[in-house]
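If you want the building blocks of each chain, they are given just below.
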Amino acid sequence: IGSAVSDLNSLMSQVKIRPHFKDGQPDGIALSNIRSNSIFRKMGLRNGDVLMGVNDQNIQSVDDALGFYNNLKSSNNVSLKIKRRGRLNTIDYTIE
């Protein structure tokens, strides 16, 4: 993960992200077009997942996701809250 996040342009070429809304309110970031060999796939993320939070902080916009990206570079542990097929899941990672 550490080497994968070092280049934002390369990272963003591996996935398409867009804001996700529920009842007209921001509800996370929807992931699609995830490349099969990408860090996103290796992290267990799938097309259609909605990234709703990182380390107990809500993700409601692309700006929030970029803030997460900046924090990820200096973090040892990451916890992602995602919605997959309508069900909430938490995925925990240790960055080595």
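Look above for the structure.
In this text, all values refer to a predicted model and were calculated from it rather than measured experimentally. (Residues numbered from 1 in each chain as written. Predicted model: local features only at pLDDT ≥ 70, side-chain atom pairs only at ≥ 80, totals over all residues. Heavy atoms only, no water.)

(A) Region of interest: the overall build of the protein. Secondary structure summary: the protein contains 3 helices and 6 strands in total. Starting at the N terminus, the α and β elements of the protein follow one another as α-β-β-α-β-β-α-β-β. For the protein, buried positions account for 36% of its 96 residues. Of the contacts made within the protein by residues no fewer than 6 positions apart, 44% connect residues no fewer than 24 positions apart. Element-wise, carbon and sulfur atoms account for 43% of the exposed surface of the protein, whose accessible area totals about 6100 Å². (Helix = DSSP H or I, 4+ residues; strand = E, 2+ residues; numbered from the N terminus. Buried < 20%, exposed > 50% of the residue type's maximum accessible area, 1.4 Å probe, protein only. Contact = heavy atoms within 4.5 Å. Areas by Shrake-Rupley, 256 points an atom, 1.4 Å probe, with all protein chains shown as cover.)

(B) How the structure looks around the pairing of strand 2 (residues 25–32). Of all 8 residues in strand 2, 6 are buried, a share of seventy percent or more. Of the strand pairs in this sheet, strand 1 (residues 16–22) and strand 2 are connected by 7 bridges, and their pairing is antiparallel. Within strand 2, the residue paired with Lys-16 across the bridge is Ser-32. The antiparallel hairpin formed by strand 1 and strand 2 contains 2 residues in its connecting segment, where Asp-23 sits at a positive phi of about 55 degrees. Bridge count between strand 2 and strand 3 (residues 50–54): 2 bridges; the pairing is antiparallel. (Pairing = 2+ DSSP bridges.)

(C) Representation of the nonpolar core. Grouped together as the largest cluster of nonpolar side chains are 19 residues, with contacts concentrated most on Phe-40, Leu-45, Leu-51, Val-54, Ile-59 and Leu-80. Of all elements in the fold, only strand 2, helix 2 (39–42), strand 3, helix 3 (62–72), strand 5 (77–84) and strand 6 (87–94) reach the threshold of two or more residues within this core. With near-sequence residues (within four places) excluded, Leu-80 lies in contact with Met-43, Leu-45, Leu-51, Gly-53, Val-54, Phe-68, Asn-89, Thr-90, Ile-91 and Tyr-93. (Core = buried A, V, L, I, M, F, W, Y, C linked by side-chain atoms within 4.5 Å.)

(D) View of the pattern of salt bridges. Counted according to the given criterion, the structure contains 2 salt bridges. With a shortest N-O distance of 3.2 Å, Lys-83 and Asp-27 are connected by a salt bridge. Taken together, the positions of Lys-83 in strand 5 and Asp-27 in strand 2 put the pair 56 residues apart, joining distant regions of the chain. By relative accessible area, Asp-27 is classed as buried at 14%. The residue Asp-49 makes a salt bridge to Arg-84 at a minimum N-O spacing of 2.7 Å. (Salt bridge = Lys/Arg side-chain N within 4 Å of Asp/Glu carboxyl O.)

(E) Summary view of the environment of Ser-32. Tracing the backbone shows Ser-32 in strand 2. C-alpha separation for the pair Ser-32 and Val-50, spaced 18 residues apart in sequence, amounts to 9.3 Å. Contacts of Ser-32, omitting those with residues within four sequence positions, involve Val-15, Lys-16 and Asn-47.

(F) Molecular detail of the side chain of Asp-49. Considering the arrangement of structural elements, one finds Asp-49 in the loop between helix 2 and strand 3. Of the polar contacts made by the side chain of Asp-49, one reaches the backbone nitrogen of Arg-46; its length is 2.8 Å. Ignoring anything within four residues of it in the chain, the contact list for Asp-49 reads Ile-29, Ala-30, Leu-31, Gly-44, Ile-82, Lys-83 and Arg-84. (Polar contact = N/O pair within 3.5 Å; in protein donor to acceptor, adjacent residues only side chain to side chain.)

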